[in-house]
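# Fold and geometry: a report
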Amino acid sequence: MDITAMFGSAIWVGARPDSEGNIPLYQILRSRFSLPSVKKATLRIVGMGFFHCYLNGKRVSEDYFIPLSTDYEPRENYPIGETLSGHRLYAPEFDVTDMLASGDNTLAVHFGGGWYAVTDEAGFGKPKVIWRLFGRTESGEEFDLVSSEADLARDSFVRDGFFPCWENRDYTLGITEDAFEAGFDDSGWDNAVAARPVETEYLISDCPPDRICETLEPRLLAREEGFALYDAGKNCTGWPLLKLTAAPGETVTLYMGEELNPDGSFSEFFNFHQTVKIVSDGRERLVHPDFAWFGFRYFKIVGSAEPVCVQFVHTDAARIADFTSDNEILNWIHDAYVNTQLCNMHAGIPSDCPHLERRGYTGDGQLTCHAAMDILDAKAFYKKWIHDIMDCQDTESGHIQYTAPYLRSGGGPGGWGCAIVEVPYQYYLHYGDDEMIRLAYPAMLKYFEYLEAHSSGDLVISDKKGEWCLGDWCPPIQVILPAPFVNNYFYIKSLQRTVEIARIIGREEDIPLFESRIAARKKATVEAYYNSWDGNFLGNMQGANAFAVDIGLGDRRTYENLVARYSSLDGFDTGIFGTDIVTRVLFEHGDGDVAYKLLTSTARSSFGEMKRLGATTIWEYWPGSLTDRSHNHPMFGAVAAYLYDHILGIRSLVPGQSEILISPACPKGLGKVSGYRTLCGGKLSVEIESDGKSAKAKITVPQGVRAGFAYGETKADLATGENFISFEL
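Figured I'd write up the structure that's included with this text. (Residues numbered from 1 in each chain as written. Predicted model: local features only at pLDDT ≥ 70, side-chain atom pairs only at ≥ 80, totals over all residues. Heavy atoms only, no water.)

### A word on the sheet that holds strand 33 (residues 659-662)
Worth spelling out the cut-off: In this scheme, strands are said to pair when DSSP sees at least two bridges between them. Only DSSP runs of H or I covering at least 4 residues are called helices, and only runs of E covering at least 2 are called strands; the numbering of each starts at the N terminus. What counts as an axis is a line fitted to C-alpha atoms, over the stretch in contact for a helix, and the angles between N-to-C directions run from 0 to 180 degrees.
Strand order across the open sheet formed by four strands is 32-33-37-38, with mixed pairing between neighbours. At either end of the open sheet lies a strand with only one pairing partner, and these are strand 32 (650-652) and strand 38 (714-718). On average, each strand axis in the sheet is tilted by 25 degrees relative to the strand beside it, whichever way the strands run. Sheet analysis places strand 33 next to strand 37 (residues 706-711), joined by four bridges and oriented parallel. Of the residues in strand 37, the one forming a bridge with Glu 659 is Arg 706.

### Quick word on unusual backbone geometry
Of the consecutive residues Ile 66 and Pro 67, the connecting peptide bond is found in the cis state with omega at 5 degrees. Relative to the elements of secondary structure, Pro 67 occurs in the loop between strand 5 (58-59) and strand 6 (88-91). With an omega dihedral of 5 degrees, the bond running from Tyr 78 to Pro 79 counts as a cis peptide bond. Within the secondary structure, Pro 79 is located in the loop between strand 5 and strand 6. Phi at Phe 65 takes a positive value of approximately 55 degrees, unusual for a residue other than glycine. Residue Leu 538 is not a glycine yet carries a positive backbone phi of 50 degrees. For Leu 538, the location among the structural elements is in the loop between strand 31 (536-537) and helix 10 (544-550).

### As for the nonpolar core
The following threshold applies: To define a nonpolar core, start from buried Ala, Val, Leu, Ile, Met, Phe, Trp, Tyr and Cys residues and group those joined through side-chain atoms within 4.5 Å. For each residue, the accessible area found with a 1.4 Å probe, counting protein chains only, is set against the maximum for its type, and the residue is called buried under 20%, exposed over 50%, and partly exposed in between. We call two residues in contact when some of their heavy atoms are within 4.5 Å.
Core analysis: the largest hydrophobic core is formed by 209 residues, its most contacted members being Tyr 382, Ile 420, Leu 586 and Phe 607. Excluding residues within four positions of it along the chain, Ile 420 makes contact with Ile 389, Met 390, Ile 400, Ala 440, Ala 443, Met 444 and Tyr 447. In this structure, Cys 53, Ile 66, Leu 100 and Phe 143 belong to the second largest nonpolar core, which totals 26 residues.

### A word on the packing of helix 11 (residues 556-568) against helix 13 (residues 592-599)
This is how it is decided: Crossings are assigned a handedness: left-handed for a near helix turned anticlockwise from the far helix by less than a right angle, right-handed for a clockwise turn. Three residue categories are used. Nonpolar comprises Ala, Val, Leu, Ile, Met, Phe, Trp, Tyr, Cys and Pro, charged comprises Asp, Glu, Lys and Arg, and polar comprises the others, including Gly.
Interaxial distance between helix 11 and helix 13 falls to 9 Å at its minimum, and their mutual angle equals 35 degrees. Crossing angle aside, the handedness with which helix 11 passes helix 13 is left-handed. Note on element contacts: helix 13 touches helix 11 through Val 594, Lys 597 and Leu 598, opposite Val 563, Tyr 566, Ser 567 and Ser 568. Looking at the contact of helix 11 with helix 13 residue by residue, the classes come out as four nonpolar, two polar and one charged.

### Observations regarding the sheet that holds strand 36 (residues 694-701)
The antiparallel open sheet is built from five strands, whose spatial order is 25-34-35-36-39. Single-partner strands in this sheet number two, and they are strand 25 (321-325) and strand 39 (721-728). Neighbour to neighbour, the strand axes of the sheet diverge by 10 degrees on average, direction disregarded. Of the strand pairs in this sheet, strand 36 and strand 39 are connected by eight bridges, and their pairing is antiparallel. What sits directly across from Ser 694, in strand 39, is Glu 728.

### Re the side chain of Asp 645
So the rule is basically this: The charged-residue count follows a simple rule in which Lys and Arg add positive charge and Asp and Glu add negative charge, with His and chain termini not counted at all. The working definition used for a salt bridge is a side-chain nitrogen of Lys or Arg within 4 Å of a carboxyl oxygen of Asp or Glu.
By the secondary structure assignment, Asp 645 is in helix 15 (residues 641-647). For the buried residue Asp 645, which engages in no salt bridge, the nearest side chain bearing the opposite charge is Arg 677, 4.8 Å off. If we ignore the near neighbours within four places in the chain, the residues touching Asp 645 are His 370, Asp 374, Ile 650 and Arg 651.

### Observations regarding the pairing of strand 38
Consecutive side chains of a regular strand alternate in pointing toward one face of the sheet and then the other. Here strand 37 runs beside strand 38; their pairing, made up of five bridges, is antiparallel. Residue Ala 710 lies in a different strand from strand 38, and its bridge partner there is Lys 715.

Shown next as structure tokens:
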């Protein structure tokens, strides 16, 4: 809808510029109004970049980092030489009936910062706010109150900041949190001034927001003169809640980071510039950042403050699945992935990391969406993000950006851009809802034309001029697989997916073109990268044979060589895509023992080594790699999906998961495994115990789900409720 349909006669407003024309990055707006007793009242409000608001001194919601992050509106020549397909702004809507008084009322809004008002090239504009309060009184009269230049606005006690890194506040300049209270004296404040409207599509927000979802108890590690060092117990996102006891004018500085140095001191390297500075007015208060989350486990406080707790903030997506076994490394993979994924769900996007970049990388996002949809209640979250991916397509060339919403970043064709196919496809499989594959289908076709235009000899050899073309990023040593090989894999895989999609949505006439392109791309891949004398693609390095097998290339030797390599290799040699593909292909072809061996390896390049080193989230690079950076990246955790699909064996036979086959891998060395997934009818749980020769399974099937069991020669239809099955391994 347009701005009038959403906000009526309201206008965007903000604080007036200072004498030098500067507009404060963080602002507070106040509005007073009078109402009789109300029967129903709704507040629609947006403050850019992020905001929170109060009615009569009480916070309207416990939501953080709203509005959701989107490509809010066009930016001049950003991305360079391209025009994005869409722009949207999600307006939160609150029922505030019980928060209004009969008589005088006060609305206060604290807003600014975020990606919208960030001061580098990625920014959209200056801080501003718009609101509309409407409803019906007890006497039946309608009311409609809106933001205008009659509101009052000024700069905030949050003085400055850079959203991805730091936030500074100063309580000595005559403005504090008292400005949110109904009885605050704002007689010296200036009237707000009209601000440039956001030129966008306005929508009511229905994606789950960020909230404080867990509270952690920090442990004191060291206290020396001037500072104290704490451990939150695990990597998390959010902030330490501080009790400020500093004297007037004293500065308290909070540093946050992922790791300690070997001597136990705070690591500057893993701090990633994450800092909060607070100048005290001498008043004791509880304080935390308002406009930035931080990714950390350890934190250092310099100055007079003590931590009350650590507040773990992320998108409020409920857990709908669980997994446990008698192998601690498998358990670690699962739990570390879930923790990592939650750390990277903020403001409506799945990010690559919660500190360094905070961006919705399409590569990381398409890799992990299967696992995330299995384990978390994430339908509305991914529906919103699919729209972001479509919005970030260039209208002219069809180019899909590396991040959605768009922020200049690195990636490549295929592994990143093909998220336009994979994420809607997984959405359809998980939820049985074809809305998003239908909406995204034209964008898929347009992106395929982009890949055709960036091909030579039926290999996707390049991306947009001047951009990266990474291929299978982040293996333990340098990338060996040529980027065109990886690009062609993703193009072929996406074309194969789109053949299915075309049949589902009634576009069968498109299938011959897809099939001819699949054949041509397969032929080119074989000619460029296949060794006919031994059956290998690219020497069977870094999962190359798995890429090939997964799209139907090679011969019997290709897969046999893959199995032989990873049976003998101790740990992974693969990057972000190869790790997922090798693991899945081995499971799907019946070699669960080899996949299990890789997953539970304790070699240098392994999940077991991350666990041994004390990690509670998954790293961007394998331990021992030539590079070390973020220790909170979900991409390698994509394999968590196979703990459900193959270790527990819960596999959907139809989109929407109303028909299930339980077909566990039962790898050698795994004695006990149990878990559940929440399907359309409720929880489906699986418990398996084996002695290496035979096994017993207890499977509980919810109402409304048809289920069967298959392992080797043992096959059975399962009834609603508890089922007990014994079978030989």
